[in-house]
Amino acid sequence: MEVENTLHMKVGDGESSYASNSFLQEIAIRKTLHVLKHTIKGMVDLEASLSNVFVLADLGCGTGTNTLLLASMVIDLVLELCKENNLKAPQFQVFLNDLFGNDYNTIFQLLPKFTANLKKEKGENFGSCFVSAIPGSFYGRLFPDESLHLVHSSYALHWLSKVPEGIENNKANIYMAKTSPPNVFEAYGNQFYTDFIIFLQLRSKEVVRGGCMVLTFLGRSSADPTTDDGCRLMELLAQSLLDMVKEQGLVEESFINSFNLPHYSPCEDEVRKAIHNEGSFCLNTFNVFQGNWDPYDTDYTNLVDLNEQISHIHAKNCAKALRAVMEPLLTSHFGNSINIDVLFQKLQMHVAEDLTNKKTRYFNIAISLSKK
């Protein structure tokens with residue numbers, strides 16, 4: 001699988017598109033607002049950072065309103081700090097980065113309204129905001145040396161640069177699972193470590209001295225790679241694919257056996273180890289928070305869904321959110337041999353059943369780093 005060419009969210013603004021089903025990602029961005037604020041305020045040379053041009057890079061920006069929501073939040077925070085410190089508001093340069101298949105057109109169509117709102121809300125004293133798209137993998141160089149004040153990435157760094165090698169024996173699974181052989185866990189862990197080290201090395205060249213990064217990604221709560229919050233949802237997706245094999249051969253089993261996700265949810269120790277060993281950044285804050293599989297489910301008290309009707313509502317929303325992310329990868333591998341509608345209907349049923357037994361939640365990691 002050529003990740004650079006196949007990994008992207010579902011394009012457009014239709015019912016199953018990422019733009020229409022990215023509330024989960026919006027919640028994550030809003031939950032890290034306090035981290036962003038603390039990070040920007042803590043910049044070593046605040047006056048220099050906020051003078052002239054403030055440069056933000058959003059890596060793995062995706063598409064839709066979330067992308068410009070992040071830019072708007074950063075601009076608000078910077079202007080607030082300028083006011084507190086009696087500094088002149090800088091101009092803003094916002095670089096939006098994602099892979100080549102990303103739906104940049106949807107973002108561009110939102111820019112006129114975004115710019116007009118900025119001018120209306122901020123008044124005449126507001127400088128300018130320049131927005132540019134920078135397509136390419138963040139596992140490669142993207143920007144000139146020491147050109148960025150703030151790097152942000154949300155729900156992107158759990159995607160690997162490639163599927164780990166040597167996991168052909170991960171039969172009937174599409175990711176790490178409770179039935180995976182031990183070498184699969186090792187291969188995934190090694191691939192994350194290698195990729196994250198490369199990411200840190202590259203950004204250390206591109207971020208100004210004293211510049212910062214705020215990174216949010218899916219993780220897991222335990223060192224055990226088979227913990228439910230790390231792999232359960234992917235196990236249910238694999239089961240849905242296997243159901244389609246059993247039912248009139250809707251999918252060939254060989255296609256499932258050759259499909260593994262370029263994805264990894266690390267634990268805290270793995271993240272800390274990579275940052276320490278690479279050595280270019282100071283780890284300033286390490287935050288974790290949970291999120292329900294259904295982003296519209298605000299009940300964090302109950303450990304299971306209370307009845308079948310509720311579980312099916314939550315499962316439907318969960319399946320829609322996952323489909324917006326996974327569909328391009330699945331269709332790239334399975335082609336016309338897979339009926340995506342049927343697959344995610346089956347996933348919805350499995351998720352509903354699972355939620356009546358245990359309410360597993362996403363485990364999120366949010367960290368802030370400053371360049372040494």
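What UniProt records for the chain under Sequence similarities (unreviewed entry) is the sentence "Belongs to the methyltransferase superfamily. Type-7 methyltransferase family."

**Describing the nonpolar core**
Ranked by internal contacts, the top residues of the largest apolar core, which has 80 residues, are Phe196, Phe199, Met326 and Ile367. A total of ten residues in this core trace back to one element, the largest contributor, which is helix 8 (residues 228–246). Ranked by size, the runner-up nonpolar core spans 33 residues in total, among them Met43, Val74, Val94 and Cys212.

**Concerning the packing of aromatic side chains**
Evaluation of the coordinates by the stated rule reveals eleven aromatic pairs. Relative to Tyr264, the ring of Phe192 lies with its centre 5.5 Å away and its plane at 35 degrees, an arrangement referred to as tilted. Note that Phe192 is positioned in helix 7 (residues 182–206) and Tyr264 in the loop between helix 9 (253–257) and helix 10 (268–278), a separation of 72 residues in sequence. Looking at Tyr264, the relative accessible area reads 1%, which means it is buried. Relative to Phe217, the ring of Phe196 has its centre 6.3 Å away and its plane inclined at 65 degrees; by these criteria the two rings are edge-to-face. Linking Phe196 in helix 7 with Phe217 in strand 5 (residues 207–219), this pair joins segments that are 21 residues apart in sequence.

**So, the side chain of Thr67**
Tracing the backbone through its elements, the reader meets Thr67 in helix 5 (residues 65–84). Thr67 gets classed as buried once you look at its relative accessible area, which sits at 1%. A polar contact is formed between the side chain of Thr67 and the backbone oxygen of Cys61, at a distance of 2.8 Å. Look past the residues within four positions of Thr67 in its chain and what remains in contact with it is Asp58, Cys61, Gly62, Leu96 and Ile107.

Calculation rules
Residues numbered from 1 in each chain as written. Predicted model: local features only at pLDDT ≥ 70, side-chain atom pairs only at ≥ 80, totals over all residues. Heavy atoms only, no water. UniProt positions renumbered as here; feature names shortened; annotations may be inferred. Core = buried A, V, L, I, M, F, W, Y, C linked by side-chain atoms within 4.5 Å. Buried < 20%, exposed > 50% of the residue type's maximum accessible area, 1.4 Å probe, protein only. Helix = DSSP H or I, 4+ residues; strand = E, 2+ residues; numbered from the N terminus. Phe/Tyr/Trp six-rings, centres within 6.5 Å; stacked < 30°, edge-to-face > 60°. Polar contact = N/O pair within 3.5 Å; in protein donor to acceptor, adjacent residues only side chain to side chain. Contact = heavy atoms within 4.5 Å.

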